[in-house]
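Here is what each chain is made of, one letter per residue.
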2 protein chains.
Amino acid sequence: MNLSEAKQEFISSWGAFGSQWGINRTMAQIHALLLISPEPLTQDDIMESLAVSRGNVNMNIRELISWNLVERRTLPGERKDYFTAEKDIWKVATLIVKERKKRELEPMLKLLDQLSQVDADKREKDVKAFTDMVGQIRKMGGQADKMLDLMVKAEANWLTGSLMKLMR
Amino acid sequence: MNLSEAKQEFISSWGAFGSQWGINRTMAQIHALLLISPEPLTQDDIMESLAVSRGNVNMNIRELISWNLVERRTLPGERKDYFTAEKDIWKVATLIVKERKKRELEPMLKLLDQLSQVDADKREKDVKAFTDMVGQIRKMGGQADKMLDLMVKAEANWLTGSLMKLMR
DNA sequence: CAGAAATTTCAAAAATAATTGAAAATAAAT
DNA sequence: ATTTATTTTCAATTATTTTTGAAATTTCTG
């Protein structure tokens, strides 16, 4: 396989993979493209590479920036804006974890706390099943939350380091 | 908040949460409903509770069964099939991890291995950027794969136990 | 085995999400 | 201040995903 075939395959698969995880296909593809671009790219570069419209590129780039995965950069003497992606994949992973935690996990924990306050007789089978399940999910969610905090704070060798050794 | 309000909220939020993670809303809602139902339910029960069609319930139930999250059960003397969900949330988590690992992570690792074989001169900037990134992702993916294997094998206290203590 | 009950399938319809493209806004250059 | 380049917005369109519902199939029952 030559380079441009491999690039195509990478970008397309990254997009498909993203879709399965609730991430806009084009957003994932733009991210993939920037990940493997040694130099910053303009919106026009991206439009051409992926054959998508200007509006599409613009919106998805802004979304990537809001996740801190992509940075806008203005080169001196250049009129256009350039974009680069964070290239350290560990940092990428922690940035994504940080955002999903903030946007999804934390609100979910808040909701579960509310739901556990349900006002009903716990001797009833239905009530017990409900509060047990909410309690279980709340507990596991809280643990995951703490664990992801540690991950975000930890260094890049978290996965390879003492954790893996311990669990062998 | 009374029980039925709380149930409604739980089911609806679980559906919304699922959507964000690429899981069909109705599938997530059916799962939520079964999670908090002390007794097995029929397709008709689910249709009524969630106000969705028979075909929809049937397809999503089958999908849940293929994830081993739901079990079909035929009660003696009863004509209809009944369905129950696994209620231990740790088991639920490991079942989901197991399936996503098999369906998504493993194929992705296979692809990355192929992509790393790209036939080109590594002194070229483009080539180096590409193979570096593929290599990084491959490495992290491989580590995640091992780690998730451990999680699947581990007991329910994995998150609270020595892991959390170690990382403090 | 015939009839009834329940489940499954899947083409068509509906709902949702993503994309386009052109107009508006903003920023830079002359 | 005007022109030109670039970015942003968003209503309309297009694509994708989900859902419906009725027909076909399968599974029970007497």
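Above: the structure in question.
Everything numeric in this text was worked out from a predicted model, so none of it was measured.

The next subject is the side chain of B:Thr26. Assignment of secondary structure puts B:Thr26 in helix α2 (residues 25–35). Apart from residues no more than four positions distant in its own chain, B:Thr26 is found in contact with B:Val52, B:Asn56 and B:Asn60.

A few words now on the protein's contact with DNA strand C. Among the 17 residues in the neighbourhood of DNA strand C, the closest are listed as A:Thr26, A:Ser53, B:Asn58, B:Arg62 and B:Asp81. Of everything in DNA strand C that lies within 4 Å of the protein, sugar and phosphate atoms constitute 73%. Between DNA strand C and A:Asn56 there is a distance of 3.2 Å, counted from a phosphate oxygen to a side-chain nitrogen or oxygen. Those elements that provide at least two residues to the surface near DNA strand C are α4 (54–66) of chain A together with α4 (54–66) of chain B. Of the residues in the surface near DNA strand C, the class split is two nonpolar, eight polar and seven charged.

On to the pairing of strand β2 (residues 81–85) of chain B, then. Residues and elements named next belong to chain B. Counting buried residues along β2, four of its five residues qualify, which places the element largely inside the surrounding structure. Where strand β1 (residues 70–74) lies against β2, five bridges are found, and the strand directions are antiparallel. The residue bridging Thr74 from the neighbouring strand is Asp81, located in β2. The loop that links β1 with its antiparallel partner β2 comprises six residues; one of these, Gly77, has a positive phi angle of about 80 degrees.

What follows covers the nonpolar core. Judged by nonpolar contacts, the single largest core of 101 residues is most densely connected at A:Phe10 and B:Phe10. Sequence-distant contacts of B:Phe10, defined by excluding residues within four places in its chain, comprise A:Leu112, A:Leu115, A:Phe130, A:Met133, A:Val134, A:Ile137, B:Ala32 and B:Ile36.

A few words on the pattern of salt bridges. This model, assessed by the stated rule, comprises 32 salt bridges over all chains. Between A:Asp145 and A:Lys101 there is a salt bridge, with its nearest N and O atoms 2.8 Å apart. Here A:Lys101 lies in helix α5 (residues 89–115) and A:Asp145 lies in helix α6 (residues 125–153), a separation of 44 residues in the sequence. Neither A:Asp145 nor A:Lys101 differs from the other in exposure class; each is buried. B:Glu63 serves as the salt-bridge partner of B:Arg103, at 3.6 Å between the closest nitrogen and oxygen. Of the two residues, B:Arg103 sits in helix α5 (residues 89–115) while B:Glu63 sits in helix α4, which places them 40 residues apart along the sequence. Classification of B:Arg103 by relative accessible area gives partly exposed; the value is 34%. Through salt bridges with shared partners, one network takes in A:Glu63, A:Glu99, A:Lys102 and A:Arg103.

Attention shifts here to the packing of aromatic side chains. Here the structure, examined in full by the defined rule, presents nine aromatic pairs over all chains. Measuring from ring centre to ring centre gives 6.3 Å for A:Trp90 and A:Trp158, while their planes differ by 50 degrees; the resulting arrangement is tilted. Of this pair, A:Trp90 sits in helix α5 while A:Trp158 sits in the loop between α6 and α7 (162–167); the two residues are 68 residues apart in sequence, bridging distant segments of the chain. Across the pair, A:Trp158 and A:Trp90 agree in class, each one buried. Sitting over the face of the ring of A:Trp21, B:Arg100 holds its NZ or CZ atom 3.8 Å from the ring centroid.

Turning to the side chain of A:His31, a few remarks are in order. Examined against the element boundaries, A:His31 turns out to sit in helix α2 (residues 25–35). Aside from chain neighbours lying at most four places away, what touches A:His31 is A:Trp14, A:Leu64, A:Leu69, A:Ala85 and A:Val92.

Once that is clear, we can look at the relation of the copies chain A and chain B. With an axial shift of 0.0 Å and an RMSD of 0.0 Å, the rotation relating chain A to chain B amounts to 180 degrees. What we have between these two chains is a two-fold relation.

A few words on the protein's contact with DNA strand D. A:Asn58, A:Arg62, A:Asp81, B:Thr26 and B:Ser53 are the nearest of the 17 residues found near DNA strand D. Backbone polar atom of B:Ser53 to a phosphate oxygen of DNA strand D: 2.6 Å apart, as the coordinates give it. Among the elements that take part in the surface near DNA strand D, α4(A) stands out by supplying five residues, more than any other. Along the lines of polarity and charge, the residues of the surface near DNA strand D split into two nonpolar, eight polar and seven charged.

Here is what the cut-offs are and how they apply
Residues numbered from 1 in each chain as written. Chains lettered and ligands numbered in written order. Predicted model: local features only at pLDDT ≥ 70, side-chain atom pairs only at ≥ 80, totals over all residues. Heavy atoms only, no water. Helix = DSSP H or I, 4+ residues; strand = E, 2+ residues; numbered from the N terminus. Contact = heavy atoms within 4.5 Å. Near = heavy atom within 4 Å. Polar contact = N/O pair within 3.5 Å; in protein donor to acceptor, adjacent residues only side chain to side chain. Nonpolar A, V, L, I, M, F, W, Y, C, P; charged D, E, K, R; others polar. Buried < 20%, exposed > 50% of the residue type's maximum accessible area, 1.4 Å probe, protein only. Pairing = 2+ DSSP bridges. Core = buried A, V, L, I, M, F, W, Y, C linked by side-chain atoms within 4.5 Å. Salt bridge = Lys/Arg side-chain N within 4 Å of Asp/Glu carboxyl O. Phe/Tyr/Trp six-rings, centres within 6.5 Å; stacked < 30°, edge-to-face > 60°. Lys NZ or Arg CZ within 6 Å of the ring centre and 35° of its normal. Least-squares fit on C-alpha atoms with pLDDT ≥ 70 in both.

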